[in-house]
Amino acid sequence: MSSLAAGQAMAQAPAAATRDQQMMLDAQALSEAGKYAEAAAKYEELIKAFPQVPSIPEAYFRAGYAYYLGGNYDEALRSFKKIADNPNLAPEFATIKELSLSMSPQVLVAKAAKMDVNDKARTVVLEDAVKQFDAYLAKYPTSDEVESANYSKAMALYQLEKFDPSMVVLRDNMKKFVASPTMQDSQYLLALTLATVASKEMQKPTPDVKSADGQFDEGESLLRDIIAKNQNIPLINDSQFQVGELLLARGGFLRTKEEEQKRDAIFVKALDSYRSVASKDRVVAAQKARIAYFKDLMVKAGQAKDTAGFQKYKRISEKETEKLAIIEAKTDQTLTAKFKTGLVFFTQGKMDETRVLFTHLEQLGALEGDEEKKQALYFVTMSYAAQVVVEKAETKYKEFQATYSGDPIAQNLQLIMGAMFLNPDSKFKNPDKAIEYFKEGLKLYPKSSSYGALVVALGGALIELKRYDEALAELDKVKQTKPPKELAVDVDFYYATALVLMGKTNESVDAFKAVRETYPGTQQAQDAHAQVAQLLLTVDPKQAVGECESFRKQFPQSRDVPVVMMAQGRALAATSKPAEALTLLKQLATDYPKSDPAPFTYFERSKILAEQQKFDECLAVMKEFITQYPDSPTLFQAYDFMAQILTSQGKGQEAIKVYDDFVAKRPKEAGAADALLKLSGLWKGYTESQGNYIVIEEAKRIEWRKGIEKSTEAAERLLKDFPEGTQVALVLNNLMEVQRLLVIGKLKTDADLEKYFQDLAQKFSGQPGTQAKVLFTLASFTFTKDKAKAVEQMKGVYNPDLKFAPEDLDLFGEALIDGGEIDEAIQVYEKINKDN
């Protein structure tokens, strides 16, 4: 409020107040008690009853101020205008006139803050506020209100999304009024503006990440500086909350696997900030203490006859009273912070923590009002759906829909609910059920941000059911409604995606090109360009090269650059440009070593080099891969590729060393079973390469026996370490052939061979599946001597749920045909086709 009648306030009070003076005092008491509407009414009563008393301008100002604090902005503007437009105002009321001119645009800013952001009238109000601030600052450049006017002007510019001019004003305020007790308000608003600008930058298709990171860093630093200086508890509390908001937004932009660790660290800091937010009662008490502190300084200045000091501290206490009204009108920020904590948990994928938090709040009765209960129920439902806890998710979903169906908060709920029934690992998988949810979402939220995702999810579910025409028809329905651009671009993009899923590559290329051309500058246009570049690889590799190169030039910072480079490398190889392909693929691995395509560039390069018969270079590339990606899930493929190259060169022993090396380093991985199978086969081949044991010289017999031992050792280790592996049936065939070689070499008899397999079967008595495969392999040996007995043995152990060696099944099928069991034989051959 104003420094009204400062001299009078510092003098002794009169012995008795006149009626108009008493009404003024009563109105002021009501205002100080926070009863702003009653205070304004009392001032209006005074103005009507005593229109000629000298205090009328002050009454108008105080009424306007009470209206302002009470949120009646139009009446506030009317009251301030009465003073500003009065040409006959006495000189002693110059200060009131100045304050009225400064308050009017402040009221406009407050009024705009309550208007819908899409209301065109809001922009008009804010632009008018900026003009009035400029006019005021031009007229009173040295006023004590300059700092406050600048701050409010910056707030107006912020709401107009004129962020750069707003930040210029705020930085100027911080520089000019560095010693002001309210300077931190400008610092706080600057921090929020920086965070907003950074977030908007990160939402762009090709953001300037470095610039955004700098703005996030500065914004956080400014907020933490407010907290560290510990001068203003309400502002400290707001800063704690806003640090959490800034970090939550910042972490949300880190989406890749490579950024996961950084994102988690940011979310941990966000949680700490939210947990530091104080209760509303504590903040209100602190603000009242702050007001009392400045009022005390005001009184002391008055007692010391310090008019300037009196006016300064009176104005500050009035400004802090404004803030108190705002604080008291807010909900308790600790509850909002707890909800934000739940949101962090949800964003982190910590569904149990999300559910526990919101359920706990509900059980404590800490959810005040319908809005809080709605949010809690929404997040609990989402947590169950995200974890595919189907029955509980559906129960909570029905509870939510019964009360809040169609509420904007749940725009993505049907999408998540439907996704539960598309989970390939769930026993509840049911595309038809998913479609029901997606259609319900489309009906409830025809203009939501999730609409496009619902459409494509619906299309995907229909495609999974091979209802291709229906999928495209759903997308066409949306297109025919001529949706707004922001929705149309999603629909067109998903339509093109659906064509890809249907295998209509040429049509999908045309569709993605249309997206690129129709919606330039959007993320979807960029993504469509990347899709065109990749899809053309299978249609026209030469054209694909040009599209890939074009994409990389236009979007050098895109997240899709690595996959596009991979496509370009493959396209170059397909167009007989191996040297260029090798160079580009190597560049991809060097520049983007942590990208998804990077590991596969080594295989592509090795393939090209192998085709050129540059085997030494090929092996060098695979060795480099093993060094660079020792934990890759494709590690065995690298070892296997090397071994195959060596085998093709007749370097069987070197190939064996490669497989031995893998088994030694990764003995428990699935690839070790494949390596042992290859070792068993290579050593068997080595044995056979020595010749017939009976006629070869002793030196070769030693190597022959070595091959037998090594092949048997590898096979038996595979059976021991991977008894349920898919390689078991094949390695048993190797083992049988090795045992036959021993019989042919007169080192074993048929009886010895049978005993070996019987003993082997006994070792797996506790594993019926493996034992059955051993005995089935033995039956194939019996078949050569006693077909009927062998068939009975096979029937005794055959289980259609097990995977046998195709050679054994083929033999079994022939025997069944010979025995006239045609239907049974057909089933066996169907199994061979299914397994292979």
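Predicted, not measured: the structure shown is a model, and the values here were computed from it. Residue numbering note: each chain is counted from 1, following its sequence as written. Local features in this predicted model are restricted to residues whose pLDDT is 70 or higher, and side-chain atom pairs enter the listing and the counts only when it is 80 or higher, whereas totals over whole chains, interfaces and linings include all residues. Only hydrogens and water are set aside when side-chain values are computed; all heavy atoms of the structure are taken into account.

A. View of the packing of aromatic side chains. Two rings from Phe, Tyr or Trp (for Trp, the six-membered ring) form a pair when their centres sit within 6.5 Å of each other. Planes less than 30 degrees apart are called stacked, planes more than 60 degrees apart edge-to-face, and all others tilted. Taken as a whole, this structure holds 27 aromatic pairs when the rule is applied. Centre to centre, the rings of Tyr136 and Tyr140 are 5.1 Å apart; their planes meet at 40 degrees, and the pair counts as tilted. A relative accessible area of 2% means that Tyr136 is categorised as buried. Classification of Tyr140 as buried rests on a relative accessible area of 18%. An aromatic cluster of three or more residues is present, and its members are Phe61, Tyr65, Tyr68, Tyr73 and Phe80. Counted as over-ring charges are cases with an Arg CZ or a Lys NZ within 6 Å of the ring centre that also lie within 35 degrees of the ring normal. The ring of Tyr602 has Arg605 lying over it, and the distance from NZ or CZ to the ring centre is 5.2 Å. One residue, Arg701, lies across the ring of Tyr693, its end atom 4.5 Å from the ring centre. Partly exposed residues are those whose accessible area sits between 20% and 50% of the maximum for their type, while under 20% is buried and over 50% is exposed, using a 1.4 Å probe and protein chains only.

B. Up close: the confidence of the model for the protein chain. In the predicted model, the protein chain carries a mean pLDDT of 87, and 95% of its residues have values of at least 70. Per-element mean pLDDT across the protein chain ranges from 35 in helix 1 (residues 6-10) up to 96 in helix 33 (residues 652-665). Looking at any residue, its pLDDT shows the predictor's confidence there, from 0 to 100. Contacts were defined at the residue level, with two residues in contact if any of their heavy atoms lie within 4.5 Å. Every residue in residues 1-15 is under pLDDT 50, and counting partners more than four places away or in other chains gives 27 contacts. Helix and strand definitions follow DSSP, with helices as H or I runs of at least four residues and strands as E runs of at least two, each counted in order from the N terminus.

C. Layout of unusual backbone geometry. Although it is not a glycine, Val388 adopts a positive phi angle of roughly 55 degrees. Residue Ser576 is not a glycine yet carries a positive backbone phi of 60 degrees. Structurally, Ser576 can be placed in the loop between helix 28 (561-574) and helix 29 (578-591). Overall, the relative accessible area of 63% leaves Ser576 in the exposed class.

D. Molecular detail of the side chain of Thr354. Following the sequence through the fold, Thr354 ends up in helix 17 (residues 351-363). On the basis of relative accessible area, Thr354 is assigned to the buried category, the value being 0%. Residues within four places of Thr354 in sequence aside, it is in contact with Gly342, Phe345, Phe346 and Phe379.

E. Representation of the packing of helix 11 (residues 209-229) against helix 12 (residues 233-252) within the structure. Following both chains from N to C, one finds helix 11 and helix 12 inclined at 160 degrees, their axes separated by 8 Å at the closest point. Accordingly, the angle class assigned to the pair helix 11 and helix 12 is roughly antiparallel. Helix-helix and strand crossings are classified by hand; for helix 11 and helix 12 the assignment is left-handed. Contacts between helix 11 and helix 12 pair Asp213, Phe216, Asp217, Gly219, Glu220, Leu223, Arg224, Ile226 and Ile227 from the former with Leu235, Ile236, Ser239, Gln240, Gln242, Val243, Leu246, Leu247 and Arg250 from the latter. The residue classification treats Ala, Val, Leu, Ile, Met, Phe, Trp, Tyr, Cys and Pro as nonpolar and Asp, Glu, Lys and Arg as charged. All others, Gly included, are polar. Here the contact of helix 11 with helix 12 is built from residues that sort into nine nonpolar, four polar and five charged. Between the N-to-C directions of two axes lies an angle of 0 to 180 degrees, each axis being a line fitted to C-alpha atoms and, for a helix, fitted only over the stretch in contact. Here the angle decides the label: under 35 degrees means roughly parallel, over 145 means roughly antiparallel, 65 to 115 means roughly perpendicular, and every other value means oblique. Whether a crossing is left-handed or right-handed is set by the direction in which the near helix is turned from the far one by less than a right angle, anticlockwise for left-handed and clockwise for right-handed.

F. Focus on the environment of Pro806. Note on placement: Pro806 falls in helix 40 (residues 806-818). Taking the C-alpha atoms as reference points, Pro806 and Lys262, 544 residues apart in sequence, are found 50 Å from one another.

G. Fine view of the pattern of salt bridges. Whenever a carboxyl oxygen of Asp or Glu lies within 4 Å of a side-chain nitrogen of Lys or Arg, that contact is scored as a salt bridge. One pass over the full model with this rule turns up 43 salt bridges. Where Glu75 meets Arg78, a salt bridge forms, and the shortest distance between an N and an O atom there is 2.7 Å. Residue Glu75 and its partner Arg78 are located together in helix 5 (residues 73-84), separated by three residues, close to a single helical turn. According to the relative accessible area criterion, Arg78 is partly exposed, its value standing at 31%. The shortest N-O distance in the salt bridge between Glu547 and Arg516 comes to 2.7 Å. Taken together, the residues span a long stretch of sequence, with Glu547 in helix 27 (residues 541-554) and Arg516 in helix 25 (residues 505-518) at a distance of 31 residues. Both residues of the pair, Glu547 and Arg516, belong to the buried class. Members of the salt-bridge network, linked through shared partners, are Asp432, Lys439, Arg467 and Glu470.

H. Local environment of the environment of Gln524. The residue Gln524 is located in helix 26 (residues 523-535) in this model. A sequence separation of 229 residues divides Gln524 from Leu753, and the C-alpha atoms of the two residues are 66 Å apart. Among residues more than four places away in sequence, those in contact with Gln524 are Val489, Asp490, Phe493 and Val515.

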